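# Overview (structure and organization)
What follows is each chain in one-letter form.
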Amino acid sequence: MGLKVAVLMGGSSFEREFSLESGKRVCDALEEAGHKVVPLDTNSELVPTLRSEKPDVVYSALHGKHGEDGTIQSLLEFLGIPFVGSPASVCHRAYNKDALHSSLAKYRDLTGEDGIASWPQGVFLSRDAFQEMGAATALDLVAERVAGGYPVAVKPAHGGSALGVHKVESQEQLGEAILDALSYDTAVNIEQWIEGVELSVSILGTGWDAHALPPVEIVPEGQFFDAAARLDADLVEFRCPPRPESLSDDPVQAEGIRAEIERAALEVYRAYSVRDLGRIDMIWDGAQAKCFEIDVSPGMTNHSLFPLSCETAGLSMSAVLDELVQVAAGRAAFQL
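Residues numbered from 1 in each chain as written. Predicted model: local features only at pLDDT ≥ 70, side-chain atom pairs only at ≥ 80, totals over all residues. Heavy atoms only, no water.

## Description of helix H8 (residues 171-182)
Here H8 is twelve residues long and its end C-alpha atoms lie 17 Å apart, about the 16 Å a rise of 1.5 Å per residue gives. Buried within H8 are the following residues: Leu174, Ala177, Ile178, Ala181 and Leu182. Buried residues of H8, seen end-on, are gathered within an arc of 125° and therefore sit on one face of the element. Set apart from the buried face of H8 by more than 90 degrees, the exposed residues are Glu172, Glu176 and Leu179. (Helix = DSSP H or I, 4+ residues; strand = E, 2+ residues; numbered from the N terminus. Expected span 1.5 Å × (residues − 1). Buried < 20%, exposed > 50% of the residue type's maximum accessible area, 1.4 Å probe, protein only. Arc of directions from axis to C-beta.)

The following block contains the structure:
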């Protein structure tokens, strides 16, 4: 029997257009699966509409601020409406890119495992530190504070779609890159620039029942998978699964590396207690999987990575989304 599913999309973040496109595909897939879909943009009428529509479950296709920072999740928890995806507390923590090392450290303390995933070393600075405390006068310290020195990656501490991300080759370029990153957020990360094979691993499930879908190898035309490449399919090539030769000249070793990449992604996913679905972005630097972002609301557009991984695994989007909304609805019934 079909459910009444409210699909949230759009919103007011910098990623609004990505979200609208994702939301449309989610609506189409859920309708194909036999559900009654109520598409909703998130505006001042959202709460009254949700209360009057009384959906069985919500699927949020919101990206960026409000969609991935715990805002919409805490609202839905307050309203008592079940939803697909991670709870507000998890989303809030995952939205902060600087929280990865502490989250993994706590997880390893709990499990007693050494762990597989690694991450780029760097520093976190707030906009207030620049505007009110003179942090801009100490940018000469970056070369010694970030292991390996230049080049470094400058990125907003929160958000996605590679908006405001820069590869900075020297101190002379640093100020402009920081200003641009801060135009998208209230804080900035300055971290090691990692060279290697750019990868994304989508995951389905929760806890120890979670499993990795085939990783996607990302081959951008430019220096990295930037915001422009995410909007223009001609600027990037995706290989799913990754080409073995991208990982190693030895096919057997390449297979082992792929398995390690998937285990690293699952470690990050479980360390954050992500629920239902997510995506871990990383770079294989030739020795380790350097994870740098966790996405609790993966894109669902025709050129997004999560649907590509599902397709490679032989899963249709209608079947995947049907399972997710059924699980969310069942989970809510169990909790009651």
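After that view of the structure, there is still more to cover.
## Side note on the side chain of Arg279
Relative to the elements of secondary structure, Arg279 occurs in strand E12 (residues 277-284). Under the relative-accessibility criterion, Arg279 is labelled buried at 8%. In terms of polar contacts, Arg279 uses its side chain to reach the side chain of Asp281, at 3.0 Å. (Polar contact = N/O pair within 3.5 Å; in protein donor to acceptor, adjacent residues only side chain to side chain.)

## Side note on the pattern of salt bridges
Taken as a whole and judged by the stated rule, the model has 14 salt bridges. Residue Arg258 pairs with Glu262 through a salt bridge whose shortest N-O separation is 2.9 Å. Of this pair, Arg258 and Glu262 are both found in helix H11 (residues 251-271), four residues apart, which corresponds to roughly one turn of the helix. Judged by relative accessible area, which is 28%, Arg258 ranks as partly exposed. A relative accessible area of 18% means that Glu262 is categorised as buried. Several salt bridges share partner residues, and in doing so they unite Lys167, Glu169 and Glu195 into one network. (Salt bridge = Lys/Arg side-chain N within 4 Å of Asp/Glu carboxyl O.)

## A look at the packing of helix H5 (residues 100-111) against H11
Taken N-terminus to C-terminus, the directions of H5 and H11 make an angle of 90°; their axes are 9 Å apart at the nearest point. In terms of their interaxial angle, H5 and H11 are classed as roughly perpendicular. Across the interface between the two elements, Leu100, Ser103, Leu104, Tyr107 and Arg108 of H5 pack against Glu267, Val268, Arg270 and Ala271 of H11. Of the residues contributing to the contact of H5 with H11, the split by class is five nonpolar, one polar and three charged. (Axes fitted to C-alpha atoms, helices over the stretch in contact; angles between N-to-C directions. Parallel < 35°, antiparallel > 145°, perpendicular 65-115°, else oblique. Contact = heavy atoms within 4.5 Å. Nonpolar A, V, L, I, M, F, W, Y, C, P; charged D, E, K, R; others polar.)

## Some remarks on the sheet that holds strand E1 (residues 4-9)
Strand order in the open sheet made by the three strands is E2-E1-E3, with parallel pairing throughout. Strands with a single pairing partner mark the edges of an open sheet, and in this sheet they are strand E2 (36-41) and strand E3 (57-60). Pairwise comparison of adjacent strand axes, ignoring direction, gives a mean angle of 25° for this sheet. Pairing of E1 with E2, which is carried by six bridges, proceeds in the parallel orientation. Looking at E2, one finds that Met9 is bridged to Asp41. Each of E1, E2 and E3 is contacted by helix H1 (residues 16-32), which is oriented at about 165° to E1, the strand it contacts most. (Pairing = 2+ DSSP bridges.)

## Let's talk about the packing of aromatic side chains
In this structure the tally under the stated criterion is zero aromatic pairs. Above the face of the Phe83 ring, Arg275 is positioned so that its terminal group lies 5.5 Å from the ring centre. (Phe/Tyr/Trp six-rings, centres within 6.5 Å; stacked < 30°, edge-to-face > 60°. Lys NZ or Arg CZ within 6 Å of the ring centre and 35° of its normal.)

## What about the sheet that holds strand E5 (residues 152-156)?
The strands that make up a sheet pair up through hydrogen bonds in the backbone, lying either parallel or antiparallel. Taken together, the four strands give an open sheet; going across it, the order is E4-E7-E5-E6, and neighbouring strands pair in antiparallel fashion. The sheet terminates laterally at strand E4 (122-126) and strand E6 (166-168), the two strands that pair on one side only. Adjacent strand axes in the sheet meet at a mean angle of 25°, parallel and antiparallel pairs treated alike. Pairing geometry for E4 and strand E7 (residues 187-192), over five bridges, is antiparallel. By the bridge assignment, Ser126 is partnered in E7 with Ala187. Each of E5, E6 and E7 is contacted by H8, which is oriented at about 25° to E5, the strand it contacts most.

## What to know about the pairing of E7
Of all six residues in E7, six are buried; the element is thus mostly enclosed. With five bridges joining them, E5 and E7 adopt antiparallel strand pairing. In the sheet register, Val152 faces E7, and the bridge partner there is Gln192.

## Some remarks on unusual backbone geometry
Each neighbour pair has its own omega, and for Tyr150 with Pro151 the value is 0°, a cis peptide bond. Secondary-structure assignment places Pro151 in the loop between helix H7 (142-145) and E5. Here the bond from Cys240 into Pro241 is cis, since omega is 0°, no more than 30 degrees from zero. As for its placement among the helices and strands, Pro241 is situated in the loop between strand E11 (236-239) and helix H10 (244-247). The backbone of Lys54 shows a phi angle near 50°, a positive value even though the residue is not glycine. Among the structural elements, Lys54 can be located in the loop between helix H2 (46-53) and E3. Its relative accessible area of 61% is what places Lys54 among the exposed residues. One non-glycine residue, His66, lies in positive phi territory at about 80°. For His66, the position within the fold is in the loop between E3 and helix H3 (71-79).

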